[in-house]
Amino acid sequence: MIDFNIAPYSGNEIEYMMQAVTNKKICGDGPFTKKCHQWFEERFGAQKVLLTTSGTTALEMATILCGLKEGDEVILPSYTFSSTATSIVLTGAKLVFVDIRPDTMNIDETKIEAAITDKTRAIMVVHYAGVACEMDTIMDIARRHNLKVIEDAAQGVMSTYKGRYLGTIGDFGCYSFHETKNYSMGEGGALVINHPEYNERAEILREKGTNRAKFFRGQVDKYTWVDYGSSYLPSDLNAAYLYAQLEKADEINENRLKSWNHYNEAFKNLQEAGKLELPTIPEECVHNAHMYYIKLKDLKQRTEFLSYMRENGVYTVFHYIPLHSSTAGMRFGTFRGEDKYTTLESERLARLPMYYGLSEKDLKYVIKKVLEFFDE
Ligand SMILES: Cc1ncc(COP(=O)(O)O)c(C=O)c1O
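Residues numbered from 1 in each chain as written. Predicted model: local features only at pLDDT ≥ 70, side-chain atom pairs only at ≥ 80, totals over all residues. Heavy atoms only, no water.

Moving on: the site of the ligand. Surrounding the ligand, one finds 17 residues, the nearest of these being Gly-55, Thr-56, Asp-152, Ser-176 and Lys-181. One of the side-chain nitrogen or oxygen atoms of Thr-56 is found 2.5 Å away from an oxygen atom of the ligand. At 2.9 Å from an oxygen atom of the ligand is found a side-chain nitrogen or oxygen belonging to Lys-181. The cavity that encloses the ligand is the largest pocket. With three residues, helix H3 (residues 55-65) is the single largest residue contributor to the shell around the ligand. Residue composition of the shell around the ligand, by class: five nonpolar, ten polar and two charged. (Near = heavy atom within 4 Å. Polar contact = N/O pair within 3.5 Å; in protein donor to acceptor, adjacent residues only side chain to side chain. 1 Å grid on protein atoms, 1.4 Å probe; cavity = no way out; pocket = protein on both sides within 12 Å on 5 of 7 lines; lining within 4 Å. Sits in = over half its atoms within 2 Å of the grid points. Helix = DSSP H or I, 4+ residues; strand = E, 2+ residues; numbered from the N terminus. Nonpolar A, V, L, I, M, F, W, Y, C, P; charged D, E, K, R; others polar.)

Printed below as a string of structure tokens:
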């Protein structure tokens, strides 16, 4: 069976974790966590980056820092992972789902303005498959309506929009380092803070409501409980694992892109023959090959495709049952405007195996089976 995903492993992870053990510093904010923070801040030109225990908790920190509360509304796509929504529900704010664009599967920026009311406080965008949303338009809408923008860039680490790294464009950016992501620490994430006025509150929020971060920097002589907080910082063991991959970030990225391009070339003829649809990468976006998906005719053909691939030893999966049709989505939110593409397009999409180190042999086998399915 060809796996759908294999967690990235680049070679130095164990050695760095051993170093963390030898350092006698395995709790949070140790040397490897600091190295990771510095890596992101320098490479992405980010104002401040804090590792978290997951992409989900990075999103939770962002919604709390935005000051969202009961009675507020947040606009988001329905075609996304549950965490995008649960981080909003946590604050008591209401979910307002809007439609996606069929080409990128991202929130349709032209549908946002009509969904804004006097209760709207924020827009949560999701850079699906590591391909950027139309951020200039979205930032302009946010500025005109005085809304915060949170980027769910769980899948978008290393991708850019007009040369800017995803996560650094809105007010906050959130990354995931779950084992299914391009860079992993098992479970983990990071919060990107793009305005310095949030830095201190974020540190307190992440450290159980205390000013311990200030204490470690020698800015106060003892630390104390100062505000609401939780424990959002990961162990330095996990940060050590991640740091090994950040050092090889370009190599991992190029390897994934090579597989992505190989798939894309192989299926061009099928697209031209109108047999399937391939992902669209807008001109201003550089993506990170987080995912390779194809779109089939409809739900029936996709079901047949997934079964065919599994019967032939290839693990392929569908993605996202739209949140607005889920039990929790109906309870916590509403769809505003027409669901022209969200449901329809989600039923057509199938993801192919994609991971760092996917072998040429396996890749060719997957391609062969896809072509066979379409009688090519
Ligand atoms: C779009 C999106 N948002 C949020 C998350 C949550 O990240 P994590 O699994 O690290 O909590 C994921 C990944 O699973 C995701 O794909």
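Bringing the domain arrangement of the chain into the picture now. Examined at the domain level, the chain breaks down into domain 1 (13-246) and domain 2 (249-375). Each of domain 1 and domain 2 was reduced to a C-alpha centroid, and the two centroids are 26 Å apart. Taken together, the contacts link 44 residues of domain 1 with 37 residues of domain 2. Of the roughly 3600 Å² buried between domain 1 and domain 2 on both sides combined, carbon and sulfur atoms contribute 57%. Seen at the junction of domain 1 and domain 2, the total is two salt bridges. Across the pair Asp-250 and Arg-43 runs a salt bridge, and its minimum N-O distance is 2.9 Å. With five residues, strand S3 (residues 94-98) is the single largest residue contributor to the side of domain 1 that touches domain 2. When grouped by side-chain class, the residues that make up the side of domain 1 that touches domain 2 number 22 nonpolar, 13 polar and nine charged. (Domains from an automatic or database assignment. Contact = heavy atoms within 4.5 Å. Buried area = accessible area lost by both parts, 1.4 Å probe. Salt bridge = Lys/Arg side-chain N within 4 Å of Asp/Glu carboxyl O.)

Moving on: the packing of aromatic side chains. Centre distance and the angle of the planes are the two values used to describe a pair of aromatic rings. Considering all chains together, one arrives at 26 aromatic pairs under this definition. Relative to Phe-177, the ring of Phe-40 has its centre 5.7 Å away and its plane inclined at 25°; by these criteria the two rings are stacked. With Phe-40 in helix H2 (residues 31-44) and Phe-177 in the loop between strand S8 (172-176) and strand S9 (189-193), this pair connects stretches of sequence that are 137 residues apart. Taken together, the aromatic side chains of Trp-39, Phe-40, Phe-44, Tyr-165, Tyr-175 and Phe-177 make up a single cluster linked through ring pairs. The cationic tip of Arg-310 hangs over the ring face of Tyr-315; the distance from NZ or CZ to the ring centre is 4.4 Å. (Phe/Tyr/Trp six-rings, centres within 6.5 Å; stacked < 30°, edge-to-face > 60°. Lys NZ or Arg CZ within 6 Å of the ring centre and 35° of its normal.)

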